[in-house]
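Given next are the chains, with one letter for each unit.
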Amino acid sequence: MSALSPKPPAELAREFGLKSDEYALILDRLGREPNLVELGVFSVMWSEHCSYKSSRKHLAKFPTTGPRVICGPGENAGVVDIGDGPDGRKLAVVFKMESHNHPSYIEPYQGAATGVGGIMRDVFTMGARPVALLNALRFGAPDHPKTRRLVEGVVAGIGGYGNCVGVPTVAGETNFHSGYNGNILVNAMCVGLADADKIFYSAAPAAGLPVVYFGSKTGRDGIHGATMASAEFDENSDEKRPTVQVGDPFAEKLLIEATLELMASGAVAAIQDMGAAGLTSSSVEMAGKGGVGIDLDLDAVPQREEGMSAYEMMLSESQERMLAILKPGREADGRRIFAKWGLDAATIGFTTDTGRIVLRHQGQVVCDLPLAPLSDDAPLYDRPHLPPKKPHRLALDEALAPADYEAAVVKLMSCPDMASKRWLWEQYDRHVMADTLADSATGADAGIVRVHGSRKALAVTSDCTPRYVQADPYEGGKQVVAEAWRNLTAVGAEPLAITDNLNFGNPERPEIMGQIVGAIEGMAEACRVLDFPVVSGNVSLYNETNGVAIPPTPTVGGVGLLADYGRRAGFGAMKAGQVLLLVGESRGELGASLYLREVFGREDGAPPPVDLAAERRNGDFVRGLIVSGRVDVVHDLSDGGLIAAAADMALASNVGVSLDEDTGLPVHAALFGEDQARYLLAVAPSAVAQIAHDAAAAGVVIAQAGKAGGSTLIVQGVLSLPLERLRQAHEGWMPTFMGAGV
Amino acid sequence: MKAAVVVFPGSNCDRDCAVGIERSTGAAVDMIWHQETTLPEGLDLIVLPGGFSYGDYLRCGAMAAQSPVMREVVKAANDGVAVIGICNGFQILCEAHLLPGTLLRNSALKYICKSVDLDVINANTRFTAGFGGQSTARMTVGNGEGNFFADEQTLARLEGEGQVAFRYRQNPNGSAHGIAGIVNARGNVLGMMPHPDRAFEPELGSTDGATLFRSVMGCA
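These numbers were taken from a predicted model, which means no experiment stands behind them.

Engineer: Provide a residue-level description of the overall build of chain B, including the pertinent values.
Structural biologist: A tally of regular secondary structure across chain B gives five helices and eleven strands. Rg of the C-alpha trace for chain B: 15 Å, near the compact-globule value of 17 Å for 220 residues, within the 12% margin. Across its three principal axes, chain B shows a C-alpha extent of roughly 40 × 40 × 35 Å. Expressed as a percentage of contacts within chain B between residues at least 6 apart in sequence, the contacts between residues at least 24 apart total 75%.

Next comes the structure, spelled out in structure tokens:
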């Protein structure tokens, strides 16, 4: 794509992903034809990725406020108050999750690496030091020819970036399904800590202030990445490789330290990282949000290559770059700090009172646009949506009992979604910063990192069950949020808020839009009932290849607070002689269950309904037991139901479990049903009576489910599996799969 | 008691080392920027922390070994001051020729982050004396290039002179002789791949790192 392209603007607009009515709107707003640079600016600012034009209307349904919320969606990341820290400081947790799906499919190592880099920048741009990373990965079927190479590259990229920067990767999830064969999902989340009274925002506060660029130089990489991320794939997608950026984690590490030092110096008036759509979106957003104008001299931009055009500089997505607006007279502070960290930096312009973005290059004005239409007048669509057909609820009949219970349990625990992901998380540094209390290697439902220097800790989790959302977007949407809330609760944390990462297909198809609307409404309902607001998020649409959409995957990242990390729970310290208590009601829901898919090859049926009132009641009860120090062995029930939870606890604790067979339900429904709002606890026999009494008083259903001991997983009269056999199957799948030759 | 932690561009365990030493020994810890040309007076310990100094570009530790501050570190080591290089710090010590051998890419060609059990091979060094009768230690490793290599003659000398401080019970990365940490001939410079700076409190899964820090600071 040449800057000298002779093509007429209308044709170029189409190539840049603008629809003809969108182009007409630009002509109307400008009263003239845009030039190439201006068209480039419009096309990225109005891309789905930057404008949320298909989802904005529905995203407004999320609750986004709460007593602890300092900053909700709209900034680089969400900010939530966590109270006092060491030395009387007031602290806040800052977090966001973001997708890097399309780049990771095209170039897995760099795509995933720059996804991690980008999400970290969103967090430290707000003034927070990153303290934890998570990732939610969805790959195609294991037997698809591309899957192994994609896993290898994505995992190496995530590790290569996060390990070098020195932020622990403490939790995540990895699923495989043929629905992602042509479009994998790489969602990365970063959590940081900041002083609550020192949060930095992007809005330029006044005219006449210097605009300072710092970080890596600008090159020709990633041009039009935001537009690529807003289009479907086809078999020629490999040709888009040049739109994938290249990451430099060493530069990111220097950038973090320099940015935090610059902020501490008091020089920063506003700041924004250059992420998707690079210099364009950062400058437009800073000036637009501040209600001022901005005037940039592109000749001053540090450039990696010679002869870059204004168009290329504005659209470049070169990584590890920041844009700051400094307070008057503070440029010397910046120069000193950038020199210390060896970063390129330049004053590239100033804010104005014109309400326009003016770009100069080689003595000419190459762009002169009013800012308002770029952000505020971005197209907003109320796309037609078809509600999906309600799935049928599966009957509790014996037709769904396995022929061989032992084989079924082994199959379940070693299936790609349930098998141990040790192969991948052993490639992530989970301990740097020396505050990790629970990570992927720990038997715990959430990662836990200490708030440095205090008794507080943060719990973090990422969750989505795409098969539920596929079957019933509304109930599935509720479940996504409920599961994140439950995972935080299961370690004893008070759930604070979530970030969401909505991955769907083409919103221009009514059935896909139906999934989006249903899932958002279900999620929003759960957020309301659980007091679990959405404080940041990202939408990734057009996840389709050759017209086939991915399973709807609205991933959420949840963050919770432990007031005293001495009172926390996990499931790796169960002891022989303890009694297992099952909290929550079991009805044997097998629709859309993992068991049904793995053992019967069926993906039909209604997902388990989510009773949010019961979810809250049961969760509050369990958390109360943990924070009062009465229980410290807890596991939530999710994929694979009771038997999978019991197997997890047994494997993590290296202690056998014997489950009672008489539950009033058919055995297979009791073992494999995925009813929600449930937890499995292990407690001393002497504690059972009082806990049962307290549960009854709280209106919580609780039942004895079995006991711990020995080295076998037993259901009397049904199955008896030595833990070693189960462990070999559970640990063996992934190394065998990855070792089978690339 | 006084310790210093050197900070290179790309170091990422500098704070962990400082906090680990402070919490386990009560010593004051100075952070020393890599461009310094002098070190504080009266240091009992200098730590080269883990991380990715200079992004591991060229070769792990190669560029950091040429930093201005390293001339002072070499001088202090030659004067008998205790020096520990952890992970990337070990790589830097090898590149600076304060320790023999080098660290190659892990045999599985992947970054490895896991808990490892170590045999304390020589409990008579100033770093390991605090382990006393304790013959094993548990710490975590986190590296892509932790595979210790030296020629046969050097390995024989290290073994024969008691310079092997720690050995993996299960070799995670192909290290020659399962070596996890070595000391120099004089016994005042220790390089190790496992992280004592991630093993100084029970909540972190081990306190064996605290034992090491207390040992070298003479407060075991």
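Engineer: Go over the overall build of chain A, please, and point to the residues and values.
Structural biologist: Helix and strand counts for chain A come out as 25 helices and 28 strands. Scaling as 2.2 N^0.38, a compact globule of 742 residues should have a C-alpha radius of gyration of about 27 Å, and chain A matches this with 26 Å. Along the first, second and third principal axes, the C-alpha set of chain A runs to 85 × 55 × 45 Å.

Engineer: Which residues make up the sheet that holds strand S16 (residues 457–463) of chain A, and what are the values?
Structural biologist: All names here are of chain A. Spatially, the six strands line up as an open sheet ordered S14-S15-S16-S21-S17-S18, and their pairing is mixed. Only two strands of the sheet have a single neighbouring strand rather than two, namely strand S14 (436–438) and strand S18 (534–540). Each neighbouring strand pair of the sheet contributes to a mean axis angle of 20°, computed without reference to strand direction. Bridge analysis of strand S15 (residues 447–450) against S16 gives four bridges, and the strand direction is antiparallel. Residue pairing across strands places Gly447 opposite Val460, the latter belonging to S16. Strand contacts of helix H18 (residues 473–490): S16, strand S17 (494–503) and strand S21 (553–562), with the helix running at about 25° to S21, the strand carrying the most contacts.

Engineer: Hey, could you go over the sheet that holds strand S5 (residues 169–176) of chain A for me, with residue numbers and the actual values?
Structural biologist: All names here are of chain A. Here six strands make up an open sheet; going across it, the order is S1-S2-S3-S6-S4-S5 and the pairing mixed. This sheet does not close on itself; its edge strands, each paired only once, are strand S1 (69–71) and S5. Each strand axis lies, on average, 20° off the axis of its neighbour in the sheet, ignoring direction.

Engineer: Break down the packing of helix H7 (residues 108–124) of chain A against helix H8 (residues 147–165) of chain A for me, citing the residues and quoting the values.
Structural biologist: All names here are of chain A. Contact geometry for H7 and H8: axes closest at 7 Å, N-to-C directions at 35°. As for the relative orientation of H7 and H8, their crossing is right-handed in sense. Counted together, Pro108, Tyr109, Gln110, Gly111, Ala112, Ala113, Val116, Gly117 and Met120 of H7 and Leu150, Gly153, Val154, Ala156, Gly157, Ile158, Gly160, Tyr161, Gly162 and Val165 of H8 form the full contact between these two elements. Class assignment of the residues belonging to the contact of H7 with H8 gives a composition of twelve nonpolar, seven polar and no charged.

Engineer: For the pairing of S21(A), give the residues involved together with the corresponding values.
Structural biologist: Residues and elements named next belong to chain A. In terms of burial, S21 is a largely internal element, ten of the ten residues being buried. Residues Thr553, Thr555, Gly557, Val559 and Leu561 line one face of S21 and the alternating positions Pro554, Val556, Gly558, Gly560 and Leu562 line the opposite face, and both faces are buried. Note: S16 against S21, seven bridges, orientation antiparallel. Looking at the pairing, Val460 lines up with Val559 of S21. One ladder, built from nine bridges, connects S17 with S21; its direction is antiparallel. Counterpart to Pro495 in the pairing with S21 is Gly560.

Engineer: Report on the interface of chain A and chain B, specifying residues and quantitative values.
Structural biologist: Opposite the 20 residues of chain A that make contact, chain B presents 22 residues. Where the side of chain A that touches chain B is concerned, the elements lending two or more residues are H8 and helix H10 (249–264) of chain A. Element by element, the count of residues in the side of chain A that touches chain B is highest for H8(A), at four residues. Class assignment for the residues of the side of chain A that touches chain B results in ten nonpolar, six polar and four charged.

Engineer: Please provide a residue-by-residue account of the nonpolar core, values included.
Structural biologist: It is characteristic of soluble globular proteins that their nonpolar side chains tend to be buried jointly. Residue and element names in this part refer to chain A. Ile448, Leu458, Val481 and Ala646 are the most contacted members of the largest nonpolar core, which totals 332 residues. At ten residues, the largest contribution of residues to this core is made by helix H19 (residues 510–529). Excluding anything up to four places from it in sequence, Ala646 contacts Val657, Leu659, Leu680 and Leu713.

Engineer: Tell me about helix H25 (residues 723–739) of chain A, residues and numbers included.
Structural biologist: Residue and element names in this part refer to chain A. Taking 1.5 Å per residue, 17 residues should reach 24 Å; H25 reaches 24 Å between its end C-alpha atoms and fits that length. Its axis deflected by about 40° at Gly732, H25 carries its strongest bend there, up to four residues before the proline Pro735. Within H25, burial applies to Leu723, Leu726, Ala729, His730, Trp733 and Met734. The inward-facing, buried residues of H25 contact helix H15 (405–413), helix H16 (422–425), helix H22 (641–653), strand S27 (712–715) and strand S28 (719–722).

Engineer: I'd like to hear about the pairing of S15(A), residue by residue, with values.
Structural biologist: Residue alternation in S15(A) divides its side chains into two sets, Gly447(A) and Val449(A) and Ile448(A) and Arg450(A), and both sets are buried. Hairpin connection from S15(A) to S16(A): six residues lie between these consecutive antiparallel strands, with Gly453(A) at a positive phi of about 80°.

Engineer: Residue-level account of the environment of Gly329(A), with values.
Structural biologist: Relative to the helices and strands, Gly329(A) resides in the loop between strand S10 (321–326) and helix H13 (331–340). For the pair Gly329(A) and Ser420(A), spaced 91 residues apart in the sequence, the C-alpha separation amounts to 55 Å.

Engineer: Give me the lowdown on helix H11 (residues 278–290) of chain A, citing residues and values where you can.
Structural biologist: Residue and element names in this part refer to chain A. Compared with the 18 Å implied by 1.5 Å per residue over 13 residues, the 18 Å span of H11 between its first and last C-alpha is a close match. A large share of H11 lies buried, amounting to twelve of its 13 residues. Regarding H11, the residues found buried are Gly278, Leu279, Thr280, Ser281, Ser282, Ser283, Val284, Glu285, Met286, Ala287, Gly288 and Gly290. Two residues or fewer after H11 comes Gly291, characterised by a positive phi angle close to 65°.

Engineer: Which residues make up the environment of Ser206(B), and what values go with them?
Structural biologist: Residues and elements named next belong to chain B. Following the sequence through the fold, Ser206 ends up in the loop between strand S11 (189–192) and helix H5 (208–216). In this structure Ser206 comes out as buried when scored by C-beta crowding, with 21 C-beta atoms within 10 Å. Along the backbone, Ser206 and Gly130 are 76 residues apart, and their C-alpha atoms lie at a distance of 15 Å. Leaving out residues up to four positions away in the same chain, Ser206 has contacts with Arg138, Met139 and Ala199.

Engineer: Describe unusual backbone geometry, naming the residues involved and giving the relevant values.
Structural biologist: All names here are of chain B. Positive phi, close to 70°, is recorded for Leu58, a residue that is not glycine. Relative to the helices and strands, Leu58 resides in the loop between strand S3 (45–48) and helix H2 (68–78). Positive phi values are uncommon outside glycine, yet His177 reaches one of about 55°. When you line up the elements, His177 lands in the loop between strand S9 (164–168) and strand S10 (179–183).

Engineer: Talk me through the environment of Ala128(A); I want residue IDs and the actual numbers.
Structural biologist: Residue and element names in this part refer to chain A. Secondary-structure assignment places Ala128 in the loop between H7 and strand S4 (129–139). For Ala128, a count of 30 C-beta atoms within 10 Å translates into the label buried. Residues Ala128 and Ile256, 128 residues apart in the sequence, show an inter-C-alpha distance of 9.4 Å. Once you skip the residues sitting within four places of it in the chain, Ala128 turns out to touch Val94, Val123, Gly192, Leu193 and Ala194.

Engineer: Account for the confidence of the model for chain B, naming residues and giving values.
Structural biologist: For chain B, the mean per-residue pLDDT works out to 97, and 100% of the residues sit at or above 70. Among the prediction metrics, the complex's ipTM stands at 0.97, with pTM recorded as 0.96.

Rules used throughout
Residues numbered from 1 in each chain as written. Chains lettered and ligands numbered in written order. Predicted model: local features only at pLDDT ≥ 70, side-chain atom pairs only at ≥ 80, totals over all residues. Helix = DSSP H or I, 4+ residues; strand = E, 2+ residues; numbered from the N terminus. Rg over C-alpha atoms; globule rule 2.2 N^0.38 Å. Contact = placed C-beta atoms within 7 Å. Pairing = 2+ DSSP bridges. Axes fitted to C-alpha atoms, helices over the stretch in contact; angles between N-to-C directions. Left-handed = near helix turned anticlockwise from the far one by under 90°. Nonpolar A, V, L, I, M, F, W, Y, C, P; charged D, E, K, R; others polar. Buried ≥ 20, exposed ≤ 12 C-beta atoms within 10 Å, placed from the backbone. Core = buried A, V, L, I, M, F, W, Y, C linked by C-beta atoms within 7 Å. Expected span 1.5 Å × (residues − 1). Bend = angle between axes of the 7 residues up to and from the residue. pLDDT = per-residue confidence, 0-100.

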